[in-house]
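Structural overview for review
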Amino acid sequence: MNGTPQQVAPDVYVATADKYTTTTTVVAAPDGSCLLIDPAVSVADLAGLARWLADRGLRPVAGWSTHPHWDHLLWSAALGPVPRYATPRAAQVAQAERAGLVSGVEESAPGHDLTLFAQIEPLPGEAIDWPGPRAVVYPHDAHAPGHGAVFLPDSGVLIAGDMCSDIEIPLPDLDAADPFGSYRDGLGLLAGVAGVRLVVPGHGHPGDAVEFRRRVAADLGYLDAVEAGADIADDRLTEEWLRAEYARALAVARTRAC
C-alpha cells in the first residue's frame, strides 16, 4: 500500500494514497472488528490495506461510502463480504449513475473487481450499524448528492468526505439547483458538530480542531469570492484541474447572478 495507515486517534487509523492524496479511514473495535470508510484508491492500495488489517488481526464488518463518486465506492474481495452503507440518496445516485462511475474507475484506477464496485445499500437510521464505537452520519448535498460525513463522538474524529481539505478548494455540486447554498449548508452542518477534535478530509491531511475551524473559514471565504464573481488567491489552487474547477464555479456563479 502506498500509504500505511497511521493512528490519528484512539482506535482510528488513516491511510493516505499517492493518487489524489486520497484517505482511507479504519475504525477499530475492541473485539477486532473494524469499520472501513472510503477504502481507496488503486488495486494495490486495497490489497495493502487488506494485508495490514490481517497482520493486526482486524476484520472488516462494515463499510461506508461518504458519497457517490467512483473513488469512494471501491472494494476488494480480500476485505470480505460485509454490508457497505451510504446515505439513501447516495445509494440511489450510485445505482442510477453506475455506468459513468464504472468508466471513471476503468480510466483512472483500472483492475478493480467491478462486481464489487458501488455495491452499497441505504443506511437505515442516523448511525452506522456495527459493533464498534458509535459512528453518526451527517448527510448533506454540498459536494455530491447524499454526501454523508461520519462523526465518532468517542474520539472526536470527523470523517468529512470530500470537504474541509487542506489541498483542495471547495468543489460544489455545480449541477445542483443551488450549488453554493447547498455547500454553505453542508459546511454549516459540519461546523455545528459538537466535540470535533480532528477532521479527516477525503483528499488531503488530517487536521486538529483549530485547523478544522480554519478550513471551514477558508472554504466560506472562497465561496464568498466565487459568488461575488471575484478573482481569488487561494493557496490550494496549485494544480491545473483545480484551477479549471475554480473557473467553472466562477462561470456558474456569474451566470446565476445575471
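Scope of this entry: the structure provided in the associated data block. Note that the structure is a prediction, hence the values are computed from the model and not measured.

Here we look at the overall build of the protein chain
Each helix and strand counted, the protein chain has 6 helices and 12 strands in total. Taking 258 residues into account, the globule formula puts the C-alpha radius of gyration at 18 Å, and the protein chain, at 17 Å, falls close to it. The principal-axis extent of the C-alpha atoms belonging to the protein chain is close to 55 × 40 × 35 Å. Counting every position in the protein chain, which comprises 258 residues, the buried fraction comes to 56%. In the protein chain, the share of contacts with a sequence separation of at least 24, taken over all contacts with a separation of at least 6, comes to 61%. When the accessible area of the protein chain is evaluated, it comes to approximately 10800 Å², of which 52% is carbon and sulfur surface. If you average the places of the 18 positive and of the 34 negative side-chain charges in the protein chain, the two averages end up 2 Å apart.

Concerning unusual backbone geometry
Geometrically, the link from A40 to V41 is a cis peptide bond, its omega value of 5° lying close to zero. Mapped onto the secondary structure, V41 falls in the loop between β4 (33-37) and α1 (43-55). Look at Y20: it is not a glycine, yet its phi comes out positive at around 65°. Given the relative accessible area of 38%, Y20 is considered partly exposed. The phi dihedral of D38 is positive, around 55°, even though this residue is not glycine. Examined against the element boundaries, D38 turns out to sit in the loop between β4 and α1.

With respect to the sheet that holds strand β8 (residues 136-140)
If you trace the 5 strands from one edge of the open sheet to the other, you get β8-β9-β10-β11-β12, paired in mixed fashion. For this open sheet the edge positions go to β8 and β12 (207-208), each flanked by a neighbour on one side alone. The pairing of β8 with strand β9 (residues 147-152) spans 5 bridges and is classified as antiparallel. Counterpart to P139 in the pairing with β9 is G148.

Comments concerning the packing of aromatic side chains
A complete count under the given rule lists 3 aromatic pairs for this structure. Aromatic pair Y13 and W52: ring centres 5.3 Å apart, planes at 65°, arrangement edge-to-face. Separated by 39 residues along the polypeptide, Y13 in strand β2 (residues 12-16) and W52 in helix α1 bring together distant segments of the chain.

Structural notes on the pattern of salt bridges
All chains considered together, the criterion is met by 12 salt bridges. Across the pair R243 and E240 runs a salt bridge, and its minimum N-O distance is 3.2 Å. You can see R243 and its partner E240 sitting in helix α6 (residues 240-257), 3 residues apart, about one turn around the helix. The class of R243 is partly exposed, set by a relative accessible area of 36%. Where R248 meets E245, a salt bridge forms, and the shortest distance between an N and an O atom there is 3.3 Å. Highlighted residues: R248 and E245, both in helix α6, separated by 3 residues, approximately one helical turn. Accessibility expressed as a relative area gives 43% for R248, which makes it partly exposed. Each of R184, D224 and E227 takes part in a single network of salt bridges with overlapping partners.

Structural notes on the sheet that holds β4
Taken in spatial order, the 7 strands make up an open sheet running β1-β2-β3-β4-β5-β6-β7, and their pairing is mixed. Each edge of the open sheet is held by one strand with a lone partner, namely β1 (6-9) and β7 (121-122). In terms of strand pairing, β4 meets strand β5 (residues 59-64) through 5 bridges, oriented parallel. The residue of β5 that forms the bridge with L35 is A62.

Description of the nonpolar core
Counting residues in each nonpolar core, the largest one holds 31 residues, and the members touching the most others are V26, L36, L53, W70, L74, L79 and F117. Those elements that place two or more of their residues in this core are β3 (23-28), β4, α1, α2 (88-96) and α3 (98-108). Here this core takes 5 residues from α1, the largest share from any one element.

Calculation criteria
Residues numbered from 1 in each chain as written. Predicted model: local features only at pLDDT ≥ 70, side-chain atom pairs only at ≥ 80, totals over all residues. Heavy atoms only, no water. Helix = DSSP H or I, 4+ residues; strand = E, 2+ residues; numbered from the N terminus. Rg over C-alpha atoms; globule rule 2.2 N^0.38 Å. Buried < 20%, exposed > 50% of the residue type's maximum accessible area, 1.4 Å probe, protein only. Contact = heavy atoms within 4.5 Å. Areas by Shrake-Rupley, 256 points an atom, 1.4 Å probe, with all protein chains shown as cover. Lys, Arg positive; Asp, Glu negative; His and termini not counted. Charge placed at Lys NZ, Arg CZ, Asp CG, Glu CD. Pairing = 2+ DSSP bridges. Phe/Tyr/Trp six-rings, centres within 6.5 Å; stacked < 30°, edge-to-face > 60°. Salt bridge = Lys/Arg side-chain N within 4 Å of Asp/Glu carboxyl O. Core = buried A, V, L, I, M, F, W, Y, C linked by side-chain atoms within 4.5 Å.

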